[in-house]
Amino acid sequence: MTQYIYIASPMRLPVGSFGERPVSPEQPNVFRDELDFTHLYFENNYDSDSKQRFTYSSHFSYKYQVTAYANRIPLRSAMKGTAEEKKCLGILYSYLEEAIQHSGMIEYFTSWNSEEDLALSKKRTRSMDRD
C-alpha cells in the first residue's frame, strides 16, 4: 500500500517539489545522484476541473490541505536510517516548521491510501504556542 502525509492549515500551504537541490556540489556518483533525486512533492486539495476545494480527510477542520507521497518515510517500526529517509524526514520537518510559522497552526497525520478517514490513534495538532 501507499503511505501519504496529510497536512491542513487555516492559511494556504506551499505546493510543489521540495528537496530536489543537489545534496553536494561534488562530482556525480551513483549514490549522490540517487539521493539528489529523492524529494517530496506536496499537492493541494484544489480540483482545477470543478474549480473547488475538496477535503483529503474528514479529520481535518481547516480548508487548506496538502498531501505528499511518503514512500521514503517509513513508519517508526520500519526505520532503517538510510540517507533517503533522513533527507525526506528533514524536508518534511522543515515544511511543517515553515507551515506552523506561516499560519500559526496545522493539523497533520499519515495513513495508507484509502484509509485517511479511519479512526486516528493519535490526533496531532501543532501551533506556535506549543512545544
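Quick caveat: nothing in here was measured; it's all calculated off a predicted structure. (Residues numbered from 1 in each chain as written. Predicted model: local features only at pLDDT ≥ 70, side-chain atom pairs only at ≥ 80, totals over all residues. Heavy atoms only, no water.)

**Q** What am I meant to see in the side chain of serine 111 here?
**A** Examined against the element boundaries, serine 111 turns out to sit in strand β7 (residues 105-112). Residue serine 111 is classed as buried on the basis of its relative accessible area, which comes to 11%. Beyond its immediate chain neighbours, meaning those up to four positions away, serine 111 contacts Thr2, Gln3, Tyr4, Tyr6 and Glu116. (Helix = DSSP H or I, 4+ residues; strand = E, 2+ residues; numbered from the N terminus. Buried < 20%, exposed > 50% of the residue type's maximum accessible area, 1.4 Å probe, protein only. Contact = heavy atoms within 4.5 Å.)

**Q** What is the right way to read the nonpolar core from this model?
**A** The nonpolar side chains of a soluble globular protein tend to be buried, and buried together. With 19 residues, the main nonpolar core has Ile7, Leu40, Phe42, Ile73, Leu92 and Ile106 as its most contacted residues. Of all the elements in the fold, those that place two or more residues in this core are β1 (3-9), β3 (40-44), β6 (64-69), α2 (83-103) and β7. Considering each element in turn, this core owes the most residues, eight residues, to α2. Contact partners of leucine 92, with chain neighbours within four places excluded, come to Ile5, Ile7, Leu40, Phe42 and Ile73. Among the nonpolar cores identified, the runner-up in size contains five residues, and Tyr6, Ala8, Tyr56 and Phe60 belong to it. (Core = buried A, V, L, I, M, F, W, Y, C linked by side-chain atoms within 4.5 Å.)

**Q** What should I look at first to understand the packing of aromatic side chains in this one?
**A** Two descriptors summarise a pair of aromatic rings, namely the distance from one centre to the other and the angle between the planes of the rings. Applying the stated criterion across every chain, the model contains nine aromatic pairs. Here tyrosine 4 and tyrosine 6 contribute two aromatic rings whose centre-to-centre distance is 6.2 Å and whose plane-to-plane angle is 35 degrees, an arrangement assigned as tilted. Tyrosine 4 gets classed as partly exposed once you look at its relative accessible area, which sits at 21%. According to the relative accessible area criterion, tyrosine 6 is buried, its value standing at 4%. When the centroid spacing of 5.1 Å and the interplanar angle of 80 degrees are considered together, the rings of phenylalanine 54 and tyrosine 56 count as edge-to-face. (Phe/Tyr/Trp six-rings, centres within 6.5 Å; stacked < 30°, edge-to-face > 60°.)

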